[in-house]
Amino acid sequence: MTENLPTFINLTEFATSNTGGQILFATDDFFAVAENLISDTDPIYIADKYTEYGKWMDGWETRRKRIPGHDWCIIKLAVACVIKGLLLDTAHFTGNNVLKFSIQATILSSEEELQIPPRNTTVGSGASAEDLDRVEEIFSEKWKEIVPVTSLRPGLEVTRYNYVKVFSNKPWTHIRLNIYPDGGIARLRVYGEASPEKPPANELTDLVSMLNGGVNQGYSNAHYSHPRNILKPFKGVSMSDGWETARNQNRPAIIELNEDGTLNVNVSEWAIFKLGFPGSLRRICVDTSHFKGNYPGDVKIEGAYLEKENWFPGDKVGWTSVLKQNPLEGDKEHWFDCESDVITHIKVTISPDGGISRLRTFGYISPF
């Protein structure tokens, strides 16, 4: 990819399955099921792999349309969010790619969601007439259009990434992806800002979770994977699903230990996160699952209350200690008790480098 990347890809992603996204309905799954759209892995191509219905493809591919209409699917997002941009990746779909698409969005209640028929995730399947009649009860064809009919480029390496900015300031819980008239898309990514309901003040809440509005706002290094990954709600599935830095080029030639068991290296990497709600922290989990030979030597966490909403590089911040420097082990959940003041942001510092799978910061939101 040589093109300039849009800034919205640094926001939180809300459609992938390991953040809580779900395919609720698809008109057709003949060649490849719609669930592939929201897989967290990069799409692959296996030249000699076929199913009984045709070529195996790592994406959503419908049959060639021979009846009136076009294909579409409904995706439930991980949490209500304001959508700022999309990525539609057509990788490996070169003669069978979707020509055009559009996106509609809505807010659905759990009761309305029950009107959607049960999902069949079998290759070679398609929605029945009864399924189509039932899904009409949620009137998805009348949802708000947030992306008009737009052309898609085919899945060659130089054209596969189709970025689309979304101009909408309303939160949505569900989207409808329309493809015209048929074909394949490898992956869909939905980037934006969470708009969760405020939790009760007396409820212990993971304040940095992406589902509660936590977001990464800066980092020193994300060579292998982005620090926003550690805010995902479920356990990490691999190293690529966490935050991993490059080996710090200023690390000492010979590693020594301090008396408390932490590394005496004087170099580190950091990431800054905005909490979903201002609050005081009581319990922290730093999870190094999957990082067995590349976990950080130690971690410390600081906090601050910023009067403005966002942290920017160059801001002078009076960080105070939330969790003192502690040694870490590989492939393990580390739980720490703490007691912070009311804060809006945290700074996670790892020494000298390495990878973290997940971060949990449980606390109570500020009642003010």
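Only a predicted model underlies this, so the values are computations on that prediction, with no experimental measurement involved.

Peer 1: I tried to follow the pairing of strand β12 (residues 171–180) on my own but got confused; where do I start?
Peer 2: Here is the key point about a regular strand: its side chains alternate between the two faces of the sheet. β12 sits mainly inside the fold: 8 of its 10 residues count as buried. In this sheet, β12 lies alongside strand β7 (residues 71–89) in antiparallel orientation, the contact comprising 8 bridges. Bridge assignment links cysteine 73 to a residue of β12, and that residue is leucine 177.

Peer 1: What's the story with the nonpolar core in this structure? I'm lost.
Peer 2: The tendency in soluble globular proteins is for nonpolar side chains to be buried as a group. Ranked by size, the top nonpolar core spans 59 residues in total, and within it Ile83, Leu86, Leu177, Ile346 and Leu359 carry the most contacts. In terms of residue count, β7 provides more of this core than any other element does, 8 residues in total. When neighbours within four sequence positions are excluded, leucine 86 is seen to be in contact with Phe8, Phe101, Ile103, Val147, Asn162, Tyr163, Val164, Val166, Arg189 and Val190. One finds Leu24, Phe25, Trp72 and Ile138 within the second-largest nonpolar core, a separate group that totals 9 residues.

Peer 1: Whenever I open this one, the environment of valine 267 confuses me. Can you help?
Peer 2: With respect to the helices and strands, valine 267 occurs in the loop between β17 (243–244) and β18 (269–287). Residues within four places of valine 267 in sequence aside, it is in contact with Asn248, Asn250, Arg251, Ser351 and Pro352.

Peer 1: For this particular structure, what's the right way to read the environment of glutamate 35?
Peer 2: Position of glutamate 35 among the secondary structure elements: in the loop between β3 (28–29) and β4 (50–51). A sequence separation of 19 residues divides glutamate 35 from threonine 16, and the C-alpha atoms of the two residues are 9.3 Å apart. Sequence-distant contacts of glutamate 35, that is, excluding residues within four places in its chain, are made with Ile23, Arg119 and Thr121. Polar contacts involving the side chain of glutamate 35 include one to the side chain of arginine 119, which spans 2.8 Å.

Peer 1: What is the right way to look at unusual backbone geometry in this model?
Peer 2: Trans peptide bonds make up most of the peptide bonds, and negative phi angles are found at most residues other than glycine. The peptide bond linking tyrosine 180 to proline 181 adopts the cis configuration, its omega dihedral lying at -15°. As for its placement among the helices and strands, proline 181 is situated in the loop between β12 and β13 (184–185). Residues serine 351 and proline 352 are joined by a peptide bond in cis, for which omega reads -10°. By secondary structure assignment, the location of proline 352 is in the loop between β22 (343–351) and β23 (355–356). A positive phi angle, close to 75°, is found at histidine 92, a residue other than glycine. With respect to the element layout, histidine 92 can be found in the loop between β7 and β8 (100–106). A positive phi angle, near 80°, is found at histidine 290, a position not held by glycine. Tracing the chain through its elements places histidine 290 in the loop between β18 and β19 (298–304).

Peer 1: How do you make sense of the packing of aromatic side chains when you look at a structure like this?
Peer 2: Aromatic ring pairs: the centre-centre distance and the angle between the two ring planes describe each pair. For the structure on display, the rule yields 8 aromatic pairs. Ring geometry for phenylalanine 8 versus tyrosine 191: centroids 5.9 Å apart, planes at 40°, classification tilted. Of this pair, phenylalanine 8 sits in the segment before β1 (12–13) while tyrosine 191 sits in strand β14 (residues 187–194); the two residues are 183 residues apart in sequence, bridging distant segments of the chain. Look at tryptophan 270 and tryptophan 311: their rings are 5.9 Å apart centre to centre, the planes differ by 75°, and that puts the pair in the edge-to-face class. Of this pair, tryptophan 270 sits in strand β18 while tryptophan 311 sits in the loop between β19 and β20 (320–327), placing them 41 residues apart in sequence.

Peer 1: So what exactly am I meant to see when it comes to the layout of surface pockets here?
Peer 2: Summary: where empty space remains is shown by rolling a probe the size of a single water molecule over the atoms. When its volume is computed, the largest pocket comes out at roughly 910 Å³. What lines the largest pocket is a set of 34 residues, among which Asp40, Asp42, Arg189, Tyr191 and Arg228 lie closest to the centre. When residues of the lining of the largest pocket are traced back to their parent elements, those giving at least two are β1, β7, β11 (161–165) and β14. Tallying contributions element by element places β14 first for the lining of the largest pocket, with 3 residues.

Peer 1: Quick question: what am I supposed to make of the side chain of aspartate 58 here?
Peer 2: Here aspartate 58 lies in the loop between β5 (54–55) and β6 (60–61). Within the local environment of aspartate 58, its side chain forms a polar contact with the backbone nitrogen of isoleucine 44, the two atoms lying 3.0 Å apart. At 3.0 Å, the side chain of aspartate 58 and the side chain of arginine 187 are in polar contact.

Peer 1: Got a minute to help me understand a negative patch on the surface in this structure?
Peer 2: Among the surface-exposed residues, Glu130, Asp133, Glu136, Glu137 and Glu141 lie close enough to one another that they form a single negatively charged patch. By the element assignment, glutamate 137 lies in the loop between α2 (129–135) and β10 (144–151). According to the relative accessible area criterion, glutamate 137 is partly exposed, its value standing at 46%.

Peer 1: Please clarify how the UniProt feature "domain: Allantoicase" (unreviewed entry) in the protein chain should be interpreted in this entry.
Peer 2: UniProt feature "domain: Allantoicase" (unreviewed entry): in the numbering of this structure it lies at residues 20–194 and 213–364. Between the end C-alpha atoms of residues 20–194 the distance is 13 Å, and the span holds 6% helix and 42% strand. Counted over residues 213–364, helix gives 0% and strand 42%. Its end C-alpha atoms are 14 Å apart.

The rules behind these values
- Residues numbered from 1 in each chain as written.
- Predicted model: local features only at pLDDT ≥ 70, side-chain atom pairs only at ≥ 80, totals over all residues.
- Heavy atoms only, no water.
- Buried < 20%, exposed > 50% of the residue type's maximum accessible area, 1.4 Å probe, protein only.
- Helix = DSSP H or I, 4+ residues; strand = E, 2+ residues; numbered from the N terminus.
- Pairing = 2+ DSSP bridges.
- Core = buried A, V, L, I, M, F, W, Y, C linked by side-chain atoms within 4.5 Å.
- Contact = heavy atoms within 4.5 Å.
- Polar contact = N/O pair within 3.5 Å; in protein donor to acceptor, adjacent residues only side chain to side chain.
- Phe/Tyr/Trp six-rings, centres within 6.5 Å; stacked < 30°, edge-to-face > 60°.
- 1 Å grid on protein atoms, 1.4 Å probe; cavity = no way out; pocket = protein on both sides within 12 Å on 5 of 7 lines; lining within 4 Å.
- Points joined across faces, edges and corners; volume = space filled by probe spheres on them.
- Patch = residues over 30% accessible without salt bridge, like charges linked within 9 Å, V, L, I, M, F, W, Y side chains within 5 Å.
- Areas by Shrake-Rupley, 256 points an atom, 1.4 Å probe, with all protein chains shown as cover.
- Salt bridge = Lys/Arg side-chain N within 4 Å of Asp/Glu carboxyl O.
- Lys, Arg positive; Asp, Glu negative; His and termini not counted.
- Charge placed at Lys NZ, Arg CZ, Asp CG, Glu CD.
- UniProt positions renumbered as here; feature names shortened; annotations may be inferred.

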